[in-house]
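In case you want the letters, here they are:
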Amino acid sequence: QVDLVESGGGLVQAGGSLRLSCAASERTFNAYTMGWFRQAPGKEREFVAAINWGPTYYADSVKGRFTISRDSAKNTLYLQMNSLKPEDTGVYYCAARLSVVTRRPNDYDYWGQGTQVTVSS
């Protein structure tokens with residue numbers, strides 16, 4: 001069982017930045033593929049970014065603006081979000097799985113409670 005707790009969401013103007021954090025309870029944090037997903041009102045949960053043992057993966061809509069990273073010493077996953085747009089608004093979730101990276105939410109076994117990001121125009 002892995003407990004994940006997100007933080008860092010908030011209200012920001014378009015063009016601004018936020019950094020999301022996801023603290024993991026599992027001491028073998030490095031064994032997990034970690035991902036960020038988001039869900040806007042009335043829409044399905046969608047892939048944002050993922051990282052496993054080195055390579056990083058991004059949705060086309062955030063490539064060049066968002067950066068995913070992990071700090072093994074702190075058991076923490078990050079998502080640096082720059083040049084935010086109103087369409088980035090949604091609840092952001094971190095997720096974990098003990099296998100290779102996928103972009104499908106249903107492939108992930110552990111989820112945090114989510115943190116709200118609102119980008120005003």
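Residues numbered from 1 in each chain as written. Predicted model: local features only at pLDDT ≥ 70, side-chain atom pairs only at ≥ 80, totals over all residues. Heavy atoms only, no water.

A. Main features of the pattern of salt bridges. Counted by the stated rule, this structure contains five salt bridges. Its salt-bridge partner being Glu46, residue Arg38 comes within 2.6 Å of it at the nearest N-O pair. In this structure Arg38 comes out as buried when scored by relative accessible area, which is 5%. For the salt bridge of Asp88 with Arg65, the shortest nitrogen-to-oxygen distance reads 2.8 Å. Placement of Asp88 in the loop between strand S8 (76-81) and strand S9 (90-97) and of Arg65 in the loop between strand S6 (56-58) and strand S7 (66-71) is noted, with a sequence separation of 23 residues between them. (Salt bridge = Lys/Arg side-chain N within 4 Å of Asp/Glu carboxyl O. Buried < 20%, exposed > 50% of the residue type's maximum accessible area, 1.4 Å probe, protein only. Helix = DSSP H or I, 4+ residues; strand = E, 2+ residues; numbered from the N terminus.)

B. Region of interest: the state of the cysteines. Following the criterion strictly, the structure yields one disulfide and no others. A disulfide bridge connects Cys22 with Cys94, and the sulfur atoms are separated by 2.0 Å. Judged by the sign of its S-S torsion, about 50°, the bond between Cys22 and Cys94 is right-handed. Remark: Cys94 occurs in strand S9 and Cys22 occurs in strand S3 (residues 18-24); sequence separation between them is 72 residues. Here the two residues Cys22 and Cys94 agree in accessibility, since each one is buried. (Disulfide = S-S within 2.5 Å.)

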